[in-house]
Amino acid sequence: MVKTKMAGNTAENVPRPRDPPSPDEVLDQMVKNRCYVVADLVVEFENQYNASRGTVRNRLEYLVEEGDVQRRKHANGAVTYRRPE
């Protein structure tokens, strides 16, 4: 098998997404007393980070552990997150 070399190195020209948002960036994006599901915040960050649902959920769970965000599981299985005042 013959390997051909592509003209120019295109790996250097490919834009790379930024690192995932930090917990503080997620918290800053949240409006106080508004309930969010993970998908709401994924949409907020999609242009900047291309963050996955799992990444955003992990950041929210970290904020819950720190006491900065409240988590509520509803009867239908939905989970909402709220930044208290």
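Attention in this report is confined to the structure presented alongside it. (Residues numbered from 1 in each chain as written. Predicted model: local features only at pLDDT ≥ 70, side-chain atom pairs only at ≥ 80, totals over all residues. Heavy atoms only, no water.)

1. Regarding the pairing of strand β3 (residues 79-82)
Reasoning step 1: Of the pairings in the sheet, the one linking strand β1 (residues 35-36) to β3 comprises two bridges and is antiparallel in character. Paired with Cys-35 across the bridge in β3 is Arg-82.
Reasoning step 2: In this sheet, β3 lies alongside strand β2 (residues 70-73) in antiparallel orientation, the contact comprising four bridges. Looking at the pairing, Lys-73 lines up with Val-79 of β3.
Reasoning step 3: Connecting β2 to the next strand, β3, in antiparallel fashion are five residues, including Gly-77 with a positive phi near 95°. (Pairing = 2+ DSSP bridges. Helix = DSSP H or I, 4+ residues; strand = E, 2+ residues; numbered from the N terminus.)

2. Topic: a negative patch on the surface
Reasoning step 1: Negative charge collects at one region of the surface, where Asp-24, Asp-28, Glu-65, Glu-66 and Asp-68 lie side by side.
Reasoning step 2: Mapped by element, the contributors of at least two residues to the negative patch are α1 (23-29) and α3 (53-66).
Reasoning step 3: Along the chain, Glu-66 falls in helix α3. (Patch = residues over 30% accessible without salt bridge, like charges linked within 9 Å, V, L, I, M, F, W, Y side chains within 5 Å. Areas by Shrake-Rupley, 256 points an atom, 1.4 Å probe, with all protein chains shown as cover. Salt bridge = Lys/Arg side-chain N within 4 Å of Asp/Glu carboxyl O. Lys, Arg positive; Asp, Glu negative; His and termini not counted. Charge placed at Lys NZ, Arg CZ, Asp CG, Glu CD.)

3. Observations concerning α3
Reasoning step 1: Given a rise of 1.5 Å per residue, 14 residues ought to cover 20 Å, and the 20 Å separating the end C-alpha atoms of α3 matches this to within 8%.
Reasoning step 2: Buried residues in α3 make contact with α1, α2 (38-45) and β3.
Reasoning step 3: After α3 finishes, the residue Gly-67 shows a positive phi value of roughly 85°. (Expected span 1.5 Å × (residues − 1). Contact = heavy atoms within 4.5 Å.)

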